[in-house]
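Structural characterization, general
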Amino acid sequence: MAKARRTARAKTMGMARENGGHSITLTVNGQSYTRVTEPRVLLVDFLRDDLRLTGTHVGCDTSHCGACTVLLDGRAVKSCTVLAVQAEGRAVTTIEGLAQHGRLHPIQEAFKEHHGLQCGFCTPGVVLAALELLRADHAPTEERIRTAISGNICRCTGYQNIVDSVAAAGERMKSGKW
Ligand code: FES
Ligand code: FES
């Protein structure tokens, strides 16, 4: 299935170039990119295939799992439900943009310390959903945390360690601008 998806995307990218496509400029993790893409290309595919930012995962393609969650102008969105052309002129944050100068982001540190992940497939999406929450509220209630990550499915952890990690990350984020 992954191979078929890659083949289909390779064809789409070739067609975009042949047909002229749409030139879009967007900022991803603080860096500006201009690329030609077809109007039907999803943001998640654009990030993974055109920019090679493969930390954003595809779990379902049907807006259920949340593995593809990124921040778009600071708001958590499922990037399999957004077209790349809709991100024109906007700012995207992916998991690759969190660590700075070789140092993990406080949320990543907290997930590491509190065992907030196992296989890690859901983790980039969960971390970005948590980032939106914690920028607004450094001390969210457990209920608020669970609501914030309710669009993210984890098949491994049972969620409690994720909730503990997000709560601990809020403490870490109190000092500093993240
Ligand atoms: Fe986007 Fe599952 S891949 S919600
Ligand atoms: Fe495996 Fe969440 S850690 S799916």
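Now for a look at the structure at hand.

Criteria and thresholds
- Residues numbered from 1 in each chain as written.
- Chains lettered and ligands numbered in written order.
- Predicted model: local features only at pLDDT ≥ 70, side-chain atom pairs only at ≥ 80, totals over all residues.
- Heavy atoms only, no water.
- Helix = DSSP H or I, 4+ residues; strand = E, 2+ residues; numbered from the N terminus.
- Buried < 20%, exposed > 50% of the residue type's maximum accessible area, 1.4 Å probe, protein only.
- Contact = heavy atoms within 4.5 Å.
- Pairing = 2+ DSSP bridges.

1. Observations concerning the overall build of the protein
When helices and strands are counted, the protein shows 6 helices and 5 strands. What you see in the protein, going N to C, is helices and strands ordered as α-β-β-α-β-β-β-α-α-α-α. Each of the 178 residues in the protein was classed as buried or not, and the buried ones make up 44%. Intrachain contacts of the protein at a sequence separation of at least 6 include 58% that bridge at least 24 residues.

2. Overview of the pairing of strand S1 (residues 22–28)
Where S1 and strand S2 (residues 31–37) come together, 7 bridges link them in antiparallel fashion. Bridging from a neighbouring strand, His22 pairs with Thr37 of S2. Between S1 and S2, which pair antiparallel and follow one another directly, the connecting turn spans 2 residues, one of which, Asn29, has a positive phi of 55 degrees. Of the strand pairs in this sheet, S1 and strand S5 (residues 91–93) are connected by 2 bridges, and their pairing is parallel.

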